[in-house]
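# Working through the structure, step by step
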Amino acid sequence: MTCLYVVIPCYNEQEVLPETARRLKDKIIALTEKGMISAESRVLLVDDGSVDETWTLIRALHDVDDLFEGIKLSHNRGQQNAFLAGLQAASGKADCVITMDADLQDDIDAMDAMLASYHNGSDIVFGVRSNRDTDSFFKRHSAQGYYKVMRKMGIELVYNHADYRLMSRRALEALNEYTEVNLFLRGIVPELGFKTDVVYYKRAERFAGETKYPLKKMIALAVEGVTSFSVQPLKIISRLGILLAFLSLAGLVYALISKISGSAVSGWTTIILSIWFLGGLQLLCIGVVGTYIGRIYSEVKARPRYIIEETTWQEEEKNV
Ligand code: UDP
Ligand code: MG
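The model shown is predicted, which means the values in this text are computed figures rather than measured ones. (Residues numbered from 1 in each chain as written. Chains lettered and ligands numbered in written order. Predicted model: local features only at pLDDT ≥ 70, side-chain atom pairs only at ≥ 80, totals over all residues. Heavy atoms only, no water.)

## Things to note about the site of ligand 1
Cut-off, in case you're wondering: Residues are labelled near a given molecule or strand when at least one of their non-hydrogen atoms is within 4 Å of it. Here the accessible surface of atoms and residues is derived via Shrake-Rupley with a 1.4 Å probe, and residues count as covered only by protein chains that are part of the display. Residue polarity follows a fixed list, in which Ala, Val, Leu, Ile, Met, Phe, Trp, Tyr, Cys and Pro are nonpolar, Asp, Glu, Lys and Arg are charged, and the others, Gly among them, are polar.
Not every one of the 19 residues close to ligand 1 is listed here, only the nearest: Glu 13, Asp 48, Asp 103, Thr 211 and Lys 212. Starting from 540 Å² of accessible surface for ligand 1 in isolation, the protein chains cover 95%. Per-class residue counts for the shell around ligand 1 are five nonpolar, five polar and nine charged.

So this is what it looks like as structure tokens:
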């Protein structure tokens, strides 16, 4: 029978964790009773270097109920790496894994449909939200714009899919082959191939606590998504350079004509404007190139993507 692992990254989630755990437990029991998953199924909570009581809560959950397992990362590595830590810990144990956020925004009841699709032979099932009305105006529009930009850059994302998805053992093993440090799961998973499916769900409001994705982290993830999948920005820079070269050629012709025709060149405004404009443009372009060099730098160093400080199963293994 199918052994399911539900992997959940938790960063300072003490407000929601008890409720999330309660609902997940009910769900797992219901799924087990329906015969969709085996009794060995687990909920794997990954503490992404929280500074609140999250880890204490995870330990307490595990002490009361074997259903819950936990991994504590040694410090905050971001949601994507926390997912990866959980996925890699689960691969080898689980037949399939479902990843979801801790804040109950992803509809737990969509798990039934995901598992049904898995039993029908799907290796990857994407949870796609059918609505965005619980998002702020800003988040809704920035997200939609982002998907458009990504598509223009030639990166195929599943529209309105975040990180709520099911992956089979095969898909997990394939993911393990990807050793990149700059991890953008939403881009990598669709690239894996296999038989995929989509399950729609209504995305709810965060159950409690605040978003752990402030604008800064959102932008970082967005940049990561582009730069780890596409060299399009570098091409845009080259095109911009060519365009400007032509423009300046036209400017040269204009300057020559006005000199010959003897019309006085007041000059100052044009010079100042072009200095500022070109300076800004150059900085921008250097910045884009620099971003890629930074990516290469961190890939070349190949540092570990996360470090596990503690797990709930370590001690038990020691005691055996
Ligand atoms: N998260 C994490 N590490 C981080 C930031 C977030 O593990 O550095 C987790 C967080 O605990 C939650 C999930 O990622 O389970 C999504 O975060 P959140 O709900 O705050 O993002 P939003 O839904 O607002 O985009
Ligand atoms: Mg959320």
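Past the structure itself, the notes keep going.
## Some thoughts on the nonpolar core
Inclusion rule: Throughout, nonpolar core names a set of buried Ala, Val, Leu, Ile, Met, Phe, Trp, Tyr and Cys residues whose side chains join them through atoms within 4.5 Å. Any residue under 20% of the maximum accessible area for its type is buried, any over 50% is exposed, and the rest in between are partly exposed; the area is computed with a 1.4 Å probe on protein chains only. In this description a helix means any DSSP run of H or I spanning at least four residues, a strand means any run of E spanning at least two, and both kinds are numbered starting from the N terminus. Residue contacts are defined here by distance: any two heavy atoms, one from each residue, within 4.5 Å place the two residues in contact.
Core analysis: the largest hydrophobic core is formed by 33 residues, its most contacted members being Leu 4, Val 6, Ile 8, Val 43 and Met 111. Looking at this core, the elements with two or more residues in it are β1 (4-10), α1 (17-33), β2 (42-47), α2 (54-64), β4 (96-99), α4 (110-119), β6 (161-168) and β7 (196-201). With sequence-adjacent residues up to four places away left out, Val 6 is seen in contact with Leu 24, Ile 28, Arg 42, Val 43, Leu 44, Ile 98, Met 100 and Met 111. Ranked by size, the runner-up nonpolar core spans 32 residues in total, among them Tyr 5, Val 7, Leu 44 and Leu 185.

## Some thoughts on the coordination of the magnesium ion (ligand 2)
Note the following rule: Note that water is not among the atoms used; donors are N, O and S atoms within 2.8 Å of the metal (3.2 Å for Na, K and Ca), so sites may look incomplete.
Protein coordination at the magnesium ion (ligand 2) comes from Asp 103 (OD) and Gln 105 (OE1), with a distance range of 1.8 to 1.9 Å. The class of Gln 105 is buried, set by a relative accessible area of 12%.

## Digging into the packing of aromatic side chains
Filter applied, for reference: Two aromatic rings from Phe, Tyr or Trp, using only the six-membered ring of Trp, form a pair when their centres are within 6.5 Å; if the ring planes differ by under 30 degrees the pair is stacked, by over 60 it is edge-to-face, and anything between is tilted.
Tallying each qualifying case throughout the model produces two aromatic pairs. Centroid distance Tyr 147 to Tyr 159: 5.1 Å. Interplanar angle 65 degrees. Geometry classified as edge-to-face. Here Tyr 147, found in helix α5 (residues 137-152), pairs with Tyr 159, found in the loop between α5 and β6; they are 12 residues apart in sequence, far enough to count as distant. Judged by relative accessible area, Tyr 159 falls into the partly exposed class, the value being 38%. Arranged with centres 5.1 Å apart and planes meeting at 85 degrees, the rings of Tyr 164 and Tyr 201 form a pair that is edge-to-face. One end of the pair, Tyr 164, is in strand β6; the other, Tyr 201, is in strand β7, with 37 residues separating them in the sequence.

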